[in-house]
Amino acid sequence: MKKLHLICNAHIDPVWQWTWDEGISSAIATFKSAADLAEEFDYIFCHNEAMLYEAIEESAPDLFERIKGLVKAGKWKIVGGWYLQPDCNLPAGETFVRQISVGKSYFMEKFGIEPTVAYNFDAFGHSVGLPQILVKNGYIGYMACRPNKHQFTYPGRFFKWTSPDGSSIVVTNSESYGTWLGEAVIKIKREIEGVPMWMLGSDSDGKDRGGMEDVDYSLWGVGNHGGGPSRKDLRDIAELKVDGVEIMPSTPDALFADNIRVSGEVKTSMITCMPGCYSSMARVKQGFRRAENLFYATEKMLSVAMMAGLKLDLRDLKEAGKKLLLASFHDILPGTC
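Residues numbered from 1 in each chain as written. Predicted model: local features only at pLDDT ≥ 70, side-chain atom pairs only at ≥ 80, totals over all residues. Heavy atoms only, no water.

Asks: Describe the overall build of the protein chain, and please don't skip the residues or the numbers.
Replies: When you go through the protein chain residue by residue, the secondary structure sums to ten helices and twelve strands. Relative to its length of 337 residues, the protein chain is compact, with a C-alpha radius of gyration of 20 Å against a globular reference of 20 Å. Each of the three principal axes of the protein chain carries a C-alpha extent, and together these read 70 × 45 × 35 Å. Buried residues in the protein chain amount to 53% of all 337 residues. Sequence-distant contacts, at least 24 apart, represent 77% of the contacts inside the protein chain between residues at least 6 apart. Here the protein chain has roughly 14,700 Å² of accessible surface; of this, 55% comes from carbon and sulfur atoms. Side chains of the protein chain give 37 positive and 43 negative charges; the mean places of these two sets differ by 3 Å. (Helix = DSSP H or I, 4+ residues; strand = E, 2+ residues; numbered from the N terminus. Rg over C-alpha atoms; globule rule 2.2 N^0.38 Å. Buried < 20%, exposed > 50% of the residue type's maximum accessible area, 1.4 Å probe, protein only. Contact = heavy atoms within 4.5 Å. Areas by Shrake-Rupley, 256 points an atom, 1.4 Å probe, with all protein chains shown as cover. Lys, Arg positive; Asp, Glu negative; His and termini not counted. Charge placed at Lys NZ, Arg CZ, Asp CG, Glu CD.)

Shown next as structure tokens:
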């Protein structure tokens, strides 16, 4: 019997071709819909990005309390654990560490949860320094969706990714993170057959990747502008039966804790799709690097001052740090906003 983990999510860009308030409105609508459906259907909604939860806690406190209840009930899974999904090529190593530490601290404080599988579905490439950072922050796995198989050669569905220092982590790359509204079962069936669909679940090159693994997964849910699960998708999935395949609602952590088959190793950066992003808007990138250096230099000076006995209020510094993390967002720093 093969096993398919269905991982429901909704990719939400807090800013892209819209403003911050529009992005948060999308998050509130998506999270409310996901919460409503969780009370009606047997499924698990998965979502990352502490930044969005923080905004909902402030703007929609009743919804936030509902989410806390669903997390306790096992119907909603805090995943990834980062502050947001940043560009994974350009920031300094310390900025990646802060994405993790700020995100994990928030999720531990509010939910008592620390995810073990990180993910960055929409970043345009992934630096080979990340395995070292991930392993040292307690992660056992990493999920990505870019670059696709036409831009980078992956050795297997699940493979080992190794940093120059020797740190290794298990990684998987999916051709897409979402599905069209009401068409989740179409993608799920094709992935069971081994025919992957591309970003957003809208296209397929028709090439069989050799069938599904004994333990495999499918990412589904309307994303990119929010949306998540729909009532039609959940009804269709509840009726879906495939001979020889056990289909279950799941999470990234449950998938990586299962008996997945790891084959092959990558020892380089996984780059890149959309290469033009990395040669555009150079002044934005230069300004970001100056901001990084200034922020960490300021921290060091304040640390010395505090060790010398100076009492400081660091709330402004903490907020500045979050703005730095927002500036590393995968649709800001590369130049795609």
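Text resumes after the structure shown.
Asks: Can you break down the sheet that holds strand S7 (residues 158–162) residue by residue, with the values?
Replies: What the five strands build is an open sheet, ordered S4-S6-S8-S7-S11; its pairing is mixed. Two strands in the sheet have a free side with no partner beyond their single neighbour: strand S4 (117–120) and strand S11 (265–266). Where strand S6 (residues 141–144) lies against strand S8 (residues 168–173), four bridges are found, and the strand directions are parallel. Paired with Met143 across the two strands is Thr172, which belongs to S8. (Pairing = 2+ DSSP bridges.)

Asks: Please give an account of the pattern of salt bridges that cites residues and values.
Replies: Applying the stated criterion across every chain yields a total of 20 salt bridges. Ionic pairing is found between Glu299 and Arg98, a salt bridge with its closest N-O pair at 2.6 Å. Of this pair, Glu299 sits in helix H9 (residues 282–307) while Arg98 sits in helix H4 (residues 93–111), placing them 201 residues apart in sequence. We note that Glu299, like Arg98, is buried. When the shortest N-O distance is used, the salt bridge between Glu292 and Arg289 registers 2.3 Å. Linking Glu292 with Arg289, this pair stays in helix H9, spanning three residues, or about one helical turn. (Salt bridge = Lys/Arg side-chain N within 4 Å of Asp/Glu carboxyl O.)

Asks: I'd like to hear about the side chain of Thr95, residue by residue, with values.
Replies: With respect to the secondary-structure elements, Thr95 resides in helix H4. Within the structure, the side chain of Thr95 is placed 3.0 Å from the side chain of Tyr296, a separation counted as a polar contact. When neighbours within four sequence positions are excluded, Thr95 is seen to be in contact with Phe288, Glu292, Tyr296, Leu325 and Ser328. (Polar contact = N/O pair within 3.5 Å; in protein donor to acceptor, adjacent residues only side chain to side chain.)

Asks: Which residues make up the pairing of strand S9 (residues 215–220), and what values do they have?
Replies: The buried count for S9 comes to six of six residues, which makes it a mostly enclosed element. Neither face of S9 is open: one carries Val215, Tyr217 and Leu219, the other Asp216, Ser218 and Trp220, and all of them are buried. Relative to S9, strand S1 (residues 2–8) runs parallel, the two being bridged by six bridges. Residue pairing across strands places Cys8 opposite Trp220, the latter belonging to S9.

Asks: With reference to specific residues and values, describe H4.
Replies: With 19 residues, H4 should reach 27 Å at 1.5 Å per residue; the first-to-last C-alpha distance of 27 Å fits that figure. Taken together, the buried positions of H4 are occupied by Thr95, Phe96, Arg98, Gln99, Ile100, Gly103, Lys104, Tyr106, Phe107 and Phe111. Those residues of H4 hidden inside the fold are in contact with helix H2 (50–59), helix H3 (61–73), strand S3 (76–78), helix H5 (130–136), H9 and helix H10 (315–327). (Expected span 1.5 Å × (residues − 1).)

Asks: I'd like to hear about the packing of helix H6 (residues 184–193) against helix H7 (residues 231–239), residue by residue, with values.
Replies: At a minimum axis separation of 8 Å, H6 and H7 run at an interaxial angle of 40°. On the basis of their axis angle, the class for H6 and H7 is oblique. Two secondary-structure elements touch here, H6 through Ala184, Val185 and Ile188 and H7 through Asp233, Asp236 and Ile237. Classifying every residue of the contact of H6 with H7 gives four nonpolar, no polar and two charged. (Axes fitted to C-alpha atoms, helices over the stretch in contact; angles between N-to-C directions. Parallel < 35°, antiparallel > 145°, perpendicular 65-115°, else oblique. Nonpolar A, V, L, I, M, F, W, Y, C, P; charged D, E, K, R; others polar.)

Asks: Report on the nonpolar core, specifying residues and quantitative values.
Replies: Of all hydrophobic cores here, the largest spans 48 residues; its most connected members are Phe31, Tyr43, Tyr53, Trp76 and Phe111. Of all elements in the fold, only S1, helix H1 (20–38), H2, H3, S3, H4, H6 and H7 reach the threshold of two or more residues within this core. In terms of residues, this core owes the most to one element, H1, which gives seven residues. With sequence-adjacent residues up to four places away left out, Phe111 is seen in contact with Tyr53, Phe64, Ile67, Lys68, Val71, Ile78 and Tyr106. Among the nonpolar cores identified, the runner-up in size contains 21 residues, and Val128, Ile169, Val171 and Met270 belong to it. (Core = buried A, V, L, I, M, F, W, Y, C linked by side-chain atoms within 4.5 Å.)

Asks: Describe unusual backbone geometry, and please don't skip the residues or the numbers.
Replies: With omega at -10°, the peptide bond leading from Arg146 into Pro147 counts as cis. By the element assignment, Pro147 lies in the loop between S6 and S7. Going from Ile271 to Thr272, the amide bond is cis rather than trans, its omega being -20°. Among the structural elements, Thr272 can be located in the loop between strand S12 (270–271) and H9. Its identity is not glycine, yet Glu49 carries a phi of approximately 65°, on the positive side.

Asks: Give a detailed account of the environment of Gly335, specifying residues and quantitative values.
Replies: Relative to the helices and strands, Gly335 resides in the segment after H10. If sequence neighbours within four positions are ignored, Gly335 has contacts with Cys277, Ser280, Met281 and Lys285.

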